[in-house]
Amino acid sequence: MADETANKELVRKVFYDIFVKHDFSAFDKYYVQEGFVQHNPYMGNGVDAIRELVTGLMEAGSTYELGFITAAEDIVMIHGRFTGYKAGPVIVTDIYRVKDGKLAEHWDVIQDEVSAPETKSGNSMFEPGA
């Protein structure tokens, strides 16, 4: 359980540093520099690919809001909302594998946000800070 807690805090810190503080040195501090595995079909392996995408988004004025974060062993999932990525807000679940205290592997699921009144359930897709 302690590892799961530490892994969650690592991912929370990375997202806070990069997306709130715009401290891009987090890519050097918290990602493995050799062998980072990327499962997003539009990005190559290696930390430079994710650094380039995210740095570009943040420098273009995109914003990020943290929803919730959960962990199971070495896998951490973080749910959030990006604005400025596309025409409207998008909801993203980023999934990381943590190895030796660093982010080593990444998957993501991205979907356009639909407002609660427009959904069949009436439920929101995103709850900030949940």
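Definitions and cut-offs
- Residues numbered from 1 in each chain as written.
- Predicted model: local features only at pLDDT ≥ 70, side-chain atom pairs only at ≥ 80, totals over all residues.
- Heavy atoms only, no water.
- Salt bridge = Lys/Arg side-chain N within 4 Å of Asp/Glu carboxyl O.
- Helix = DSSP H or I, 4+ residues; strand = E, 2+ residues; numbered from the N terminus.
- Buried < 20%, exposed > 50% of the residue type's maximum accessible area, 1.4 Å probe, protein only.
- Phe/Tyr/Trp six-rings, centres within 6.5 Å; stacked < 30°, edge-to-face > 60°.

**Quick word on the pattern of salt bridges**
By the definition in use, this model includes 10 salt bridges. Between Asp 17 and Lys 13 there is a salt bridge, with the nearest N and O atoms lying 3.0 Å from each other. Within this pair, Asp 17 and its partner Lys 13 are both found in helix α1 (residues 2-20), separated by four residues, close to a single helical turn. Judged by relative accessible area, Asp 17 falls into the buried class, the value being 1%. As a salt-bridge pair, Glu 65 and Arg 81 come within 3.0 Å of each other at their nearest N and O atoms. Separated by 16 residues along the polypeptide, Glu 65 in strand β2 (residues 63-72) and Arg 81 in strand β3 (residues 75-83) bring together distant segments of the chain. The partly exposed category is assigned to Glu 65, whose relative accessible area is 31%. For Arg 81, a relative accessible area of 16% puts it in the buried group. Here the salt bridges do not stand alone but share partners, grouping Lys 13, Asp 17 and Lys 21 into one network.

**A short note on the packing of aromatic side chains**
Enumeration according to the criterion identifies 10 aromatic pairs in this entry. With centroids separated by 6.1 Å and ring planes inclined at 80°, the aromatic side chains of Phe 15 and Tyr 96 adopt a geometry described as edge-to-face. In this pair, Phe 15 is assigned in helix α1 and Tyr 96 in strand β4 (residues 90-99), connecting sequence segments 81 residues apart. There is no split in this pair, since Phe 15 and Tyr 96 are both buried. For the pair Phe 19 and Phe 82, a centre-to-centre distance of 5.2 Å together with 80° between the ring planes defines the contact as edge-to-face. With Phe 19 in helix α1 and Phe 82 in strand β3, the pair connects residues that are 63 residues apart, well separated along the chain. Through a chain of ring-to-ring contacts, the aromatic side chains of Phe 15, Phe 19, Phe 27, Tyr 31, Phe 36, Tyr 64, Phe 82, Tyr 85 and Tyr 96 assemble into a single cluster.

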